[in-house]
Amino acid sequence: MRIICDFDGTITRQDTTDLVLERLADRKWAALQDAWLAGKLSGADCMTGQIALVGGSQAELDAVLDSVQLDPGFPAFVAWCEANGFPIGIVSDGVDRFIDRILTRHGLDQLTATANRLAGEPGAWRLELPWREAGCAAGSGVCKCAVSAGEAPMVYVGDGRSDFCVSGRADILFAKGALAEHCAAQGRSYYPFDTFHDVRRRLAMLVGARPTMLGETAKA
């Protein structure tokens, strides 16, 4: 069994890229977002255009990233996965350097994240798409279906539009937000969650693993 998690809005409490855009980008980013939501622009093209609009210094970017909050249950969930021998990875249509800084700040830099690549420098950022697939049904910069393909049963945890397609391939699915609404509309089975504490307790019940770590209470 392998566990794959979305990042923005799933591991974090807010969408990191949206926060960076709101704080540091030219307001034209919102028009690109509207075009994507209306189906007039692919997710990959939307993100590429938006990142090119991000201004500010490196220090200002770091300050925004350092304000991002993690799901309060995620560090304990990672520790639980590692203690029980469950591989865990992150597959995100977000930005690699945003993710890396946030994980490192929380002592979780051992995790591997697959995401779009930030290149360039402050005032001249650009987005590279090494994980883009021409036939990606979601039109994302990271084709989550291709990246998550494998033989072992997959547990997927997500919350948004970029998770719609890959969620159909999960053997066990945890969903909230727009993903939960999508699954309900499609009649697709999923486990709702608020935090990763919920994911850990439910998954422990499903696989018969220890739900708590040494020194924790069952209410954690």
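Residues numbered from 1 in each chain as written. Predicted model: local features only at pLDDT ≥ 70, side-chain atom pairs only at ≥ 80, totals over all residues. Heavy atoms only, no water.

A. Spotlight on the overall build of the protein chain. Scanning the protein chain from N- to C-terminus turns up 10 helices and 7 strands. Over its C-alpha trace the protein chain gives a radius of gyration of 17 Å, about what one expects of a compact globule, namely 17 Å for 220 residues. With the principal axes as the frame, the protein chain shows a C-alpha extent of 50 × 40 × 25 Å. On the protein chain, roughly 10200 Å² of surface is accessible, and the fraction owed to carbon and sulfur atoms is 50%. Once the 22 positive and 28 negative side-chain charges of the protein chain are each reduced to a mean point, those two points are 3 Å apart. (Helix = DSSP H or I, 4+ residues; strand = E, 2+ residues; numbered from the N terminus. Rg over C-alpha atoms; globule rule 2.2 N^0.38 Å. Areas by Shrake-Rupley, 256 points an atom, 1.4 Å probe, with all protein chains shown as cover. Lys, Arg positive; Asp, Glu negative; His and termini not counted. Charge placed at Lys NZ, Arg CZ, Asp CG, Glu CD.)

B. Layout of the environment of glycine 89. Among the secondary structure elements, glycine 89 is positioned in strand 2 (residues 88-95). Put simply, glycine 89 and serine 140 are 51 residues apart on the chain and 18 Å apart in space, counted from C-alpha to C-alpha. With residues up to four places along the chain from it excluded, the contact list for glycine 89 reads Ile3, Ile4, Cys5 and Thr112. (Contact = heavy atoms within 4.5 Å.)

C. Structural detail: the state of the cysteines. Counted by the stated rule, this structure contains 0 disulfides. For the unlinked cysteine cysteine 46, the closest cysteine sulfur is that of cysteine 136, found at 14 Å. Looking at the unpaired cysteine 136, the closest cysteine sulfur is the one in cysteine 143, lying at 3.7 Å. (Disulfide = S-S within 2.5 Å.)

D. How the structure looks around the pairing of strand 2. In terms of burial, strand 2 is largely enclosed, as 8 of its 8 residues are buried. Bridge count between strand 1 (residues 2-5) and strand 2: 3 bridges; the pairing is parallel. Note on strand 2: the bridge partner recorded for isoleucine 3 is isoleucine 88. Relative to strand 3 (residues 113-121), strand 2 runs parallel, the two sharing 3 bridges. Its bridge partner lying in strand 3, isoleucine 90 is registered against alanine 113. Note on the crossover from strand 2 through helix 6 (residues 96-105) to strand 3: the handedness is right-handed. (Buried < 20%, exposed > 50% of the residue type's maximum accessible area, 1.4 Å probe, protein only. Pairing = 2+ DSSP bridges. Right-handed = clockwise from strand over helix to strand, strands pointing away.)

E. Up close: the nonpolar core. Within the largest apolar cluster, 46 residues are counted, with the highest numbers of intra-cluster contacts made by Ile3, Cys5, Phe74, Phe77 and Ile88. Among all residues touching isoleucine 88, those that are not within four sequence positions of it are Ile3, Cys5, Phe74, Phe77, Val78, Cys81 and Leu111. (Core = buried A, V, L, I, M, F, W, Y, C linked by side-chain atoms within 4.5 Å.)

F. Structural context of the pattern of salt bridges. In the structure shown here, the tally under the stated rule is 10 salt bridges. With its nearest N and O atoms 3.7 Å apart, the salt bridge here joins aspartate 71 to arginine 13. Here aspartate 71 is found in the loop between helix 4 (58-65) and helix 5 (74-83), whereas its partner arginine 13 is found in the loop between strand 1 and helix 1 (16-24), with 58 residues between them in sequence. Residue classification places aspartate 71 among the buried residues on the basis of a relative accessible area of 1%. Within this structure, Asp62, Asp66, Arg101 and Arg105 form a network of salt bridges that share partners. (Salt bridge = Lys/Arg side-chain N within 4 Å of Asp/Glu carboxyl O.)

G. Spotlight on the sheet that holds strand 6 (residues 172-175). If you walk across this open sheet you meet the 7 strands as 4-3-2-1-5-6-7, and the pairing is mixed. Bordering the open sheet on either side are strand 4 (124-128) and strand 7 (191-192), each of which pairs with just one other strand. One ladder, built from 4 bridges, connects strand 5 (residues 154-158) with strand 6; its direction is parallel. Residue valine 157 lies in a different strand from strand 6, and its bridge partner there is phenylalanine 174. Strands in contact with helix 6 are strand 2, strand 3 and strand 4; relative to strand 3, the strand with the most contacts, it is inclined by about 110 degrees. Each of strand 5 and strand 6 touches helix 9 (residues 177-186); the most contacted strand, strand 6, lies at about 125 degrees to it. (Axes fitted to C-alpha atoms, helices over the stretch in contact; angles between N-to-C directions.)

H. Broad picture of the pairing of strand 3. Two elements, strand 3 and strand 4, share 5 bridges in a ladder whose sense is antiparallel. When the bridges of strand 4 are listed, glutamate 121 appears paired with alanine 124. Turn length for the strand 3-strand 4 hairpin, with the two strands adjacent in sequence and antiparallel, is 2 residues, and the turn residue glycine 123 shows positive phi of about 90 degrees.

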